[in-house]
Amino acid sequence: MINPKSCCIVGGGPAGMMLGYLLARRGISVTVLEKHADFLRDFRGDTVHPSTLIALQQVGLLQRFNALPQSRINRLSVRMGEVVQTVADFRGLAPFDYVALVPQWDLLNLLAKAGRALPHFTLRMQHEATALVRDGDKVVGVTANTPTGERQFLADLTIACDGRGSTLRDRASLAVEELGAPMDVLWFRLPKPHASNGELFGVIGAGTAIVLIDRIDYFQVAYILPKGSDMKLRSKPLENFRQTLVSLAPELKDSIAAIQSWDEVKTLEVKVDRLQTWHQQGLLLIGDAAHAMSPIGGVGINLAIQDSITAANVLAPALAAGDELNDALLSRVQRRRLPAVKKVQALQVALQNNALSAVLAAKGQAPKIPAPIRWLLKFRVLRNIPARIIGYGFDREDVQ
Ligand SMILES: Cc1cc2nc3c(=O)[nH]c(=O)nc-3n(C[C@H](O)[C@H](O)[C@H](O)COP(=O)(O)OP(=O)(O)OC[C@H]3O[C@@H](n4cnc5c(N)ncnc54)[C@H](O)[C@@H]3O)c2cc1C
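Here the structure is a predicted model, which means the values were calculated and not measured.

**Student:** Honestly, the site of the ligand in this entry has me stumped. Any pointers?
**Tutor:** The ligand sits among 33 residues. The nearest are Glu-34, Thr-47, Asp-288, Gly-298 and Ile-301. Between the ligand and the protein, one listed contact pairs a nitrogen atom with a backbone N or O atom of Lys-35 at 3.1 Å. At the level of secondary structure, the elements contributing two or more residues to the shell around the ligand comprise helix H1 (14-24), strand S2 (29-34), strand S9 (128-135) and helix H9 (300-321). Ranked by residues supplied to the shell around the ligand, first place goes to H9 with 3 residues. Among the residues forming the shell around the ligand, the class breakdown is 12 nonpolar, 13 polar and 8 charged.

Structure (structure tokens):
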């Protein structure tokens, strides 16, 4: 008789919710533990890239996703001084020629609803995993704080999808390779003075840069600053910060005046790292828990979703058949995903250490894009290349 194996997924972010849904739709008993009471947390990634749109289409959720309020962008442009340059162009790419911007909680709620409609899917909110439960060397579940006290959740396989500050990564004492980042990011909202024009816009100044992310009725703004300089900036009057913003985007002067307190400005400490090994007996880590990405390109969500697709493709047959979940099987997930993670992180680190470091070090005048690169970017087919990398990633997998 077949005895299917069970899974406990820790973390209801994009990786955990997608994986929970994908496994449950293949008849595998899955419990997802999420520490928060809802998905309504601000300042999370909002970009749903073509690779994720393809996955949603493959599982039959694209129509429901399209019904969510969203804006769509088809190009990324930057302004340096007087010069505006489109650096990535999705137009002409197929099957999707845009990135959808959807509040992350809407995407997660959609996956939660789709999951809850399946008999083998359980989502437990306000359940925070605090420790691994072991039987000898093998992980056999987690201990979690729940609204009714501490409880154990036992499973044949525990999958940590608990993000860049992963508790389970710490508890498993897995070795982390730090790749470093020269910048941190401040996040805040600005009222949007005009309608969307399908463009994600960055402004590069001397020593800083901002990116304006279109969220239907306001801009989510990322302000890039040298690593560790956040406290120094915050020790100065808010007015100085507003003036720097106005010098970068004078057209948003009235919106910038709406920032009334430093409390409206949140700091993201940028980390780029990856685990050397993504698994132990009975335990697998994916998404940010296995590899925290730089915000460059806004690709963390696609990578997390792609990890969950690979994990479901690799693990579902063995889980369903009740096979042993040995190291060889778990390592297949890492082997299939690591090349894509390494390529994206290498590109991010190269951009951080060259272009971004030059921007952060610039004094007086914003650096310029070198003339040969600007000449190349005149051709849409060449602007399509960064868009394809951002939108479709490397080694994309289809949902089985
Ligand atoms: C400010 C900011 C802006 C970003 N912007 C973008 C963007 O525009 N585009 C993009 O692609 N990426 C962006 N990212 C990165 C993106 O959010 C992540 O790469 C992506 O969400 C990773 O998904 P994940 O599921 O692996 O982890 P997460 O999204 O971090 O999800 C982890 C989940 O686990 C839960 N959790 C944590 N610990 C526990 C525990 N012990 N027990 C139970 N639950 C737990 C958390 O509450 C969370 O819901 C941004 C990140 C930040 C911080």
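Past the structure itself, the notes keep going.
**Student:** Hey, could you run me through the packing of aromatic side chains in this one?
**Tutor:** Each aromatic ring pair is summarised here by two numbers: the centre-to-centre distance and the angle between the ring planes. One pass over the full model with this rule turns up 5 aromatic pairs. Relative to Phe-241, the ring of Phe-188 has its centre 5.6 Å away and its plane inclined at 75 degrees; by these criteria the two rings are edge-to-face. On the criterion of sequence distance, the pair formed by Phe-188 in strand S14 (residues 183-191) and Phe-241 in helix H7 (residues 238-248) is long-range, its members being 53 residues apart. Phe-241 gets classed as buried once you look at its relative accessible area, which sits at 1%.

**Student:** Looking at this model, I keep getting lost on the environment of Thr-310. Mind explaining?
**Tutor:** Along the chain, Thr-310 falls in helix H9. Aside from chain neighbours lying at most four places away, what touches Thr-310 is Val-333, Arg-336, Arg-337 and Glu-397.

**Student:** Would you mind showing me how to read the sheet that holds S9 here?
**Tutor:** Across the sheet, which stays open at both edges, the 3 strands sit in the order S9-S10-S11 with antiparallel pairing between neighbours. Edge positions in the sheet fall to S9 and strand S11 (149-154), since each has one partner strand and no second. This sheet shows a mean twist of 30 degrees between the axes of neighbouring strands, independent of strand direction. Examined bridge by bridge, S9 and strand S10 (residues 138-146) share 7 bridges and lie antiparallel to one another. Directly across from Ala-131, in S10, lies its bridge partner Thr-143.

So, how was this worked out
- Residues numbered from 1 in each chain as written.
- Predicted model: local features only at pLDDT ≥ 70, side-chain atom pairs only at ≥ 80, totals over all residues.
- Heavy atoms only, no water.
- Near = heavy atom within 4 Å.
- Polar contact = N/O pair within 3.5 Å; in protein donor to acceptor, adjacent residues only side chain to side chain.
- Helix = DSSP H or I, 4+ residues; strand = E, 2+ residues; numbered from the N terminus.
- Nonpolar A, V, L, I, M, F, W, Y, C, P; charged D, E, K, R; others polar.
- Phe/Tyr/Trp six-rings, centres within 6.5 Å; stacked < 30°, edge-to-face > 60°.
- Buried < 20%, exposed > 50% of the residue type's maximum accessible area, 1.4 Å probe, protein only.
- Contact = heavy atoms within 4.5 Å.
- Pairing = 2+ DSSP bridges.
- Axes fitted to C-alpha atoms, helices over the stretch in contact; angles between N-to-C directions.

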